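Here's the letter readout for the chains.
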Amino acid sequence: MDRNVRLSDLDIWILIVLYKLPWAMDYHVALLVGEPVKYVRRRLQQLAEGGLVRRVNLMANRTALNVITSKGISEAGLEPRNVCNPTYFSVEHDLGVIDTVVYLSILEKNGKHLTDFGSIITERDFQSVREMEQGGTRSDGKPIYKAKDDGIHEPDAYIIKNDKYIAVEFERTLKSRKSNSQLIDNAIDLRKRFDKQYWIYGNNAVRNKLNEVRKDIPEMSIIGIDDVREYLRIRLERLPETISAKTGIPTNNRIGTMQDPIPLNKLPLRNGLSLERAKDVKTGVAHQHARADYPLRTRLSLE
């Protein structure tokens, strides 16, 4: 039964995380807010008891998936948004994307961070501001509407950094020759609007294909999902055992300021890159042998 919950700053941060992601596990939230996992788990349970969060069990030997509810969105003072319903068909891909978003939010090298959570525009974010236009008329005279971004490839997320945009993609598997070709088409389409592309691969077949494509799209950086998850594991071990309110030690909070999502059709085309040039790259991708010595990068640049 729902009960009243007095929301703390931590609770608001938790709800913001669940607002931007389709769902998250307790450790995802803990890494972003910098508090102990056990404490975050208790807060999630209390939010669930208050009806602000729904806990779903879909993955064997895993903690519950936490999903924000309509009440949670309202109580946190966030703009109305559809509530997500995790499914068995999407949960593994979702997990890879969520692990990646958390990784990018907390990634640190030599004391310098790549970005923060608020600067990552998730699929839920940009789909919530999708623009529609009339694309025709039905036989009964009623208008037919279509999305203005129809035909633009949707990344799994994108980062806003220094007035530039970085696409984020998680590619778990290559299932067929068609999906193999689709990966190339997607990378080509992304380069029209995104200055960089971060691709996270799920297996060696995807890695090999990405390395081929990158010979002609050098703004791509790639990293394996296993490396992403190992980094998350290491950072989990570094989380404090006691909450900051008791120790007085500030948390390593990576939530940041929420950037407004921009519809994909409103992202500017890259300076000096015409649509024709972006398409021409596909011809070059078919001739990888010409640049077989292209180096393999396995870490993302913080620049």
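The structure under discussion appears in the preceding block.
The text that follows walks through the structure, step by step, so that each part is easy to find. Quick caveat: nothing in here was measured; it's all calculated off a predicted structure.

Analysis parameters
- Residues numbered from 1 in each chain as written.
- Predicted model: local features only at pLDDT ≥ 70, side-chain atom pairs only at ≥ 80, totals over all residues.
- Heavy atoms only, no water.
- Phe/Tyr/Trp six-rings, centres within 6.5 Å; stacked < 30°, edge-to-face > 60°.
- Helix = DSSP H or I, 4+ residues; strand = E, 2+ residues; numbered from the N terminus.
- Buried < 20%, exposed > 50% of the residue type's maximum accessible area, 1.4 Å probe, protein only.
- Pairing = 2+ DSSP bridges.
- Axes fitted to C-alpha atoms, helices over the stretch in contact; angles between N-to-C directions.
- Contact = heavy atoms within 4.5 Å.
- Expected span 1.5 Å × (residues − 1).
- Arc of directions from axis to C-beta.

1. Topic: the packing of aromatic side chains
Stage number 1. Taken as a whole and assessed by the stated rule, the structure comprises four aromatic pairs.
Stage number 2. Pairing Phe 126 with Tyr 158 gives two aromatic rings, centres 6.0 Å apart and planes at 20 degrees, and the pair type is stacked. Note that Phe 126 is positioned in helix 6 (residues 123–128) and Tyr 158 in strand 8 (residues 157–161), a separation of 32 residues in sequence. Of the two residues, Phe 126 and Tyr 158, both sit in the buried class.
Stage number 3. Centre to centre, the rings of Tyr 158 and Phe 194 are 5.8 Å apart; their planes meet at 50 degrees, and the pair counts as tilted. Note that Tyr 158 is positioned in strand 8 and Phe 194 in the loop between helix 7 (177–190) and strand 10 (196–201), a separation of 36 residues in sequence.

2. Re the sheet that holds strand 10
Stage number 1. Pairing is mixed across the open sheet formed by five strands, whose spatial order is 5-8-9-10-11. Edge positions in the open sheet fall to strand 5 (120–122) and strand 11 (220–224), since each of these has one partner strand only. Averaged over all neighbouring strand pairs, the angle between strand axes comes to 20 degrees, with direction disregarded.
Stage number 2. Sheet topology places strand 10 next to strand 11; five bridges connect them, and they run parallel. Of the residues in strand 11, the one forming a bridge with Trp 199 is Ile 222.
Stage number 3. Across the sheet, helix 9 (residues 225–237) lies against strand 9 (164–171), strand 10 and strand 11, angled at about 65 degrees from strand 11, the strand it touches most.

3. Some points on the side chain of Asn 186
Stage number 1. In this structure, Asn 186 sits in helix 7.
Stage number 2. Here Asn 186 falls in the buried class, since its relative accessible area comes to 12%.
Stage number 3. Beyond its immediate sequence surroundings of up to four residues, Asn 186 is in contact with His 153 and Trp 199.

4. Focus: helix 3 (residues 37–49)
Stage number 1. The first and last C-alpha atoms of helix 3 sit 18 Å apart over 13 residues, in line with the 18 Å expected at 1.5 Å per residue.
Stage number 2. Within helix 3, the full set of buried residues consists of Val 40, Arg 43, Leu 44 and Leu 47. Seen along its axis, helix 3 keeps its buried residues to an arc of 100 degrees; they face one direction.
Stage number 3. Residues of helix 3 that are buried in the fold lie against helix 1 (9–20), helix 2 (26–33), strand 1 (53–56) and strand 2 (65–68).
Stage number 4. Downstream of helix 3 by a residue or two, Gly 51 has a phi angle that is positive, lying close to 80 degrees.

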